[in-house]
Amino acid sequence: YNLYSGLSMGARLIEYFCYRSISTVTGIVNHDGSVNERYGFTKEANRRVLPLQDVLSNFEWQNFYPVRADISNEIENQEAFDNIDSMIDKNNLGCLNINQVSSRLDASIGYFKNNNQDAYFIVNQSAPIKNQINTINISFKDCNQALLYHEDSVQFIKLINGAYRLNLKPGDAYFLIPA
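Keep in mind it's a predicted model, so treat the numbers as computed, not measured.

Draft legend 1. Broad picture of the overall build of the protein. The helix and strand tally for the protein stands at 4 helices and 9 strands. Looking at the 179 residues of the protein, the share that counts as buried comes to 41%. Look at the contacts in the protein between residues 6 or more apart in sequence, and 68% of them connect residues 24 or more apart.

Have a look at this one:
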C-alpha cells in the first residue's frame, strides 16, 4: 500500500531500514541477524512490486491526482488530499487523457508519460486494515483498449466507450496504459 502510493507519486527508489537503531525503531533484521515479521512484509511487498519495475522504468512521472470517495462519509484521507491539492501542478492536469473518474473509496492516480504515450498508476487509498474493495470507474478520451499491469501479470483489455471498471483489493494497485 505505501509502496504503491510512493510509486504513484513518482518515487524511483524504495529503501528499507535493515537493523535496529539505538532508539526503539526496529528494522527488518534483528540485532542478532535473524529476520522478524517486518522482513516477511518486505519480502511480500517486493514480490508484488518488482514485476512492475520494467514497465514503470520506461515512463516518466508527470503528476499525481487524488480521487476522493464518491460518498463523503467514505472519505478517509481528507486532510492528506487537501495537502496534496496544494502541492500538485493543477496546470498539468489538463494533459491527463481521462474523461471521467469516480471511486467508491479514496484512490489516487499517478500520471506517467513516455513520449506521446500516457500511463496511469491507480491505487486503492483506503486503509488496508479496513479490508474494503474499492471500485474505480475510469474513462479515457479516444481510447478503446489498454494494457493492464498487476503484480506479475499483464492483460490486454477492451474499453467500452473508453471506460473500464477496476476492483482493487485493499492495498492494491494497477498500472494502466490506454491506447
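Still to come is the rest of the account.
Draft legend 2. Molecular detail of the sheet that holds strand β8 (residues 163-168). Strand order across the open sheet formed by 3 strands is β2-β5-β8, with antiparallel pairing between neighbours. With partners counted over all chains shown, the strands left at the sheet margins are β2 (98-103) and β8, one partner each. Going from strand to strand, the sheet's axes swing by 15° on average, the running direction of each strand aside.

Draft legend 3. Just the pattern of salt bridges, in detail. Per the stated rule, a full pass over the model turns up 6 salt bridges. For Glu151, the salt bridge is made with Arg48, and the minimal N-O distance between the two is 2.8 Å. In this pair, Glu151 sits in the loop between β6 (145-150) and β7 (153-158) while Arg48 sits in helix α2 (residues 37-49), placing the two residues 103 residues apart along the sequence. In this pair, the class of Glu151 matches that of Arg48, namely buried.

Rules behind the numbers
Residues numbered from 1 in each chain as written. Predicted model: local features only at pLDDT ≥ 70, side-chain atom pairs only at ≥ 80, totals over all residues. Heavy atoms only, no water. Helix = DSSP H or I, 4+ residues; strand = E, 2+ residues; numbered from the N terminus. Buried < 20%, exposed > 50% of the residue type's maximum accessible area, 1.4 Å probe, protein only. Contact = heavy atoms within 4.5 Å. Pairing = 2+ DSSP bridges. Axes fitted to C-alpha atoms, helices over the stretch in contact; angles between N-to-C directions. Salt bridge = Lys/Arg side-chain N within 4 Å of Asp/Glu carboxyl O.

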